[in-house]
Amino acid sequence: MNGINGKANLSIDFLVVGGGIGGLACAIALRRVGHRVTVLEKTRDEDVAQMSHGGIRLPPNVAKILIHWGLGEQLKQIAVTSEAIELEIYETGYLLGVHVWDEEFLKETGGSYIFCHHVDLRRLLFETAVSLGAEIRGGANVVSVDGDDCHVKLSTGETLRADVIVGADGRSSLIQREIVGYDVYASTPCSSLLYNTTVPGPLIRADPELSMFYKKPYTKLFVWFGNGRSAMGYPIGGKDEFALHFWVPPSSGEDEPDHWGSEIDMSEMRRQLGECEPRLVKLVSMGSPPVRVPTKNVPPIEDWVHDEGRMVMIGEAAHPLPAGSIQGAALAVEDAAVLAKLFSHLISEDQIPSFLYAFQDLREGRCASVIASEQGNLTFQMMPKCEQQEQRDKHMRAKYDAGESPLAGGDAAEQWEMLKELFGYDAEDEADDWWVKWGVLRERAKQRAMDNDMEAQMNGLVMCH
Ligand SMILES: Cc1cc2nc3c(=O)[nH]c(=O)nc-3n(C[C@H](O)[C@H](O)[C@H](O)COP(=O)(O)OP(=O)(O)OC[C@H]3O[C@@H](n4cnc5c(N)ncnc54)[C@H](O)[C@@H]3O)c2cc1C
């Protein structure tokens, strides 16, 4: 029931609150199917680059969407493709094993696993959204939102209206508060802190102790398993940097900022590393000033759609993930792709609420399982010293010594199977399937009910005359 070239027969106005990865992806996806989109982003355009401090991982399930949107070539300019994962002990650097991505497996998932800088990804999405005709207003801080009357107010006092409001305003979301009634993210305790920084690639390659992080034949993701701590490092394209994430225990009593933009002093990060292998200490000493964000295990949010059926949330506003998750950007882009696929079938305004509820129906199961797996991964990486941790390490190393992947068999095997399922997911296919199974049926049932009504009215007329 699409119009010409996959565009909706009826074009409507969308206001997207938040111009992060989710909001910009949403603008691209909705423009692709012919809707009018305005994105409101509180950060001013000239400040965006200073707000981003690190690398972001894009698994195959999101890479395939971006490639489908025609961004494959531009992605190659800003990203590197991951070929293997190397696992070590955080405190000592003891090698647990190396897993090389199976080419066949990646081919089956329909995408590749890539790393880039957050700011480069954001810029790519921004430029694409603008080139497709979206209006993006930097420095537009939304201070209040009304789901009953479908409007938002900016800090300048300006009021803006639309047919649909999309909340893509991140984990501490204004739209979430309007829909749910309180700030779910703020009321969840902090389970760990993420420190996020980058180190210039040339500095690492010039240092004999560190150059192995760039050693071929593989471009690797390095993961360190620690006693209540964990770290991750990987090369990113664009400016030729090495991204570093550290998860450490939360500091007691401090009020943690809930956003990504606040740069902190490097000495604090160094203090927080705890007992840590020398290469990590050295890497950190070469890093840029990091940001610190709390990591939280937020429970699933029940309502993503406002009762009036004109306002919805996507990305981290709808389903906050532990900070630094591999699927953070991926789920936000999947949401955008699914929302737009549904709205490509729009032929009348009365479909809007049912499409928004269908969006939540389609997405909530997938997001809940991904987030549970992300929370599990982090717990696995940060497992405190115990018998299970010893078994984990022994098992991985034994596999590696036997020439196998450390991620084959044992506890890790279960995590690994889940990963395969997560990567293979095709959000756009899922939305198409939903439409064929349910959407078309609903439309037919609605048409039949209208025909019956009409027939009854005609019969009534005949009887009267
Ligand atoms: C500045 C920044 C840097 C980040 N850096 C990294 C990183 O290095 N590595 C990583 O893995 N993840 C990073 N993330 C997180 C990552 O972007 C998200 O996990 C993921 O992409 C999902 O994004 P989202 O669009 O749902 O939310 P977010 O990325 O949080 O985007 C939300 C956007 O909404 C805007 N916004 C919030 N409130 C309002 C309001 N009232 N009015 C207007 N605009 C509003 C915010 O400024 C932000 O741009 C970063 C996020 C941000 C915002």
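Predicted model, so just to flag it, every value in this text is computed and none were measured.

Caption draft 1: Quick look at the pairing of strand β3 (residues 55-58). Neither face of β3 is left uncovered, since the one carrying Gly55 and Arg57 and the one carrying Ile56 and Leu58 both have all their residues buried. Here β3 runs beside strand β7 (residues 114-117); their pairing, made up of 4 bridges, is antiparallel. If you follow arginine 57 over to β7, its bridge partner there is phenylalanine 115.

Caption draft 2: Spatial organisation of the site of the ligand. In the vicinity of the ligand there are 28 residues, among which Gly22, Glu41, His118, Asn196 and Glu316 approach most closely. Measuring from an oxygen atom of the ligand, one finds a side-chain N or O atom of histidine 118 at 2.9 Å. Considered on its own, the ligand offers 920 Å² of accessible surface; in the complex 93% of this is hidden by protein. Taking a 2 Å distance to the grid points as the criterion, the majority of the atoms of the ligand fall inside the largest pocket. Taken together, the elements giving at least two residues each to the shell around the ligand come down to α1 (21-32), β2 (36-41), β3, α6 (118-131), α11 (315-318) and α12 (328-343). The element that contributes the greatest number of residues to the shell around the ligand is α12, accounting for 3 residues. Residue composition of the shell around the ligand, grouped by class: 10 nonpolar, 13 polar and 5 charged.

Caption draft 3: Quick look at the sheet that holds β3. Pairing is antiparallel in the open sheet, where 3 strands are placed in the order β3-β7-β4. In the strand order of this sheet, the two ends are held by β3 and β4 (80-81), each with one partner. Across the sheet, α6 is in contact with β3 and β7; its angle to β7 comes to roughly 90°.

Caption draft 4: Broad picture of the pattern of salt bridges. The tally for this structure, following the rule as stated, stands at 25 salt bridges. In this structure, arginine 137 engages glutamate 158 in a salt bridge whose closest nitrogen and oxygen atoms are separated by 2.8 Å. Taken together, the residues arginine 137 in strand β8 (residues 135-138) and glutamate 158 in the loop between β10 (151-154) and β11 (159-161) connect sequence positions 21 residues apart. Between glutamate 404 and lysine 399 there is a salt bridge; the shortest N-O distance is 3.2 Å. Exposure remark for glutamate 404: the relative accessible area of 38% places this residue in the partly exposed category. Note on lysine 399: relative accessible area 21%, which makes it partly exposed. When salt bridges that share partners are traced, they join Glu334, Asp335, Arg363 and Arg366 into one network.

About the cut-offs
Residues numbered from 1 in each chain as written. Predicted model: local features only at pLDDT ≥ 70, side-chain atom pairs only at ≥ 80, totals over all residues. Heavy atoms only, no water. Buried < 20%, exposed > 50% of the residue type's maximum accessible area, 1.4 Å probe, protein only. Helix = DSSP H or I, 4+ residues; strand = E, 2+ residues; numbered from the N terminus. Pairing = 2+ DSSP bridges. Near = heavy atom within 4 Å. Polar contact = N/O pair within 3.5 Å; in protein donor to acceptor, adjacent residues only side chain to side chain. Areas by Shrake-Rupley, 256 points an atom, 1.4 Å probe, with all protein chains shown as cover. 1 Å grid on protein atoms, 1.4 Å probe; cavity = no way out; pocket = protein on both sides within 12 Å on 5 of 7 lines; lining within 4 Å. Sits in = over half its atoms within 2 Å of the grid points. Nonpolar A, V, L, I, M, F, W, Y, C, P; charged D, E, K, R; others polar. Contact = heavy atoms within 4.5 Å. Axes fitted to C-alpha atoms, helices over the stretch in contact; angles between N-to-C directions. Salt bridge = Lys/Arg side-chain N within 4 Å of Asp/Glu carboxyl O.

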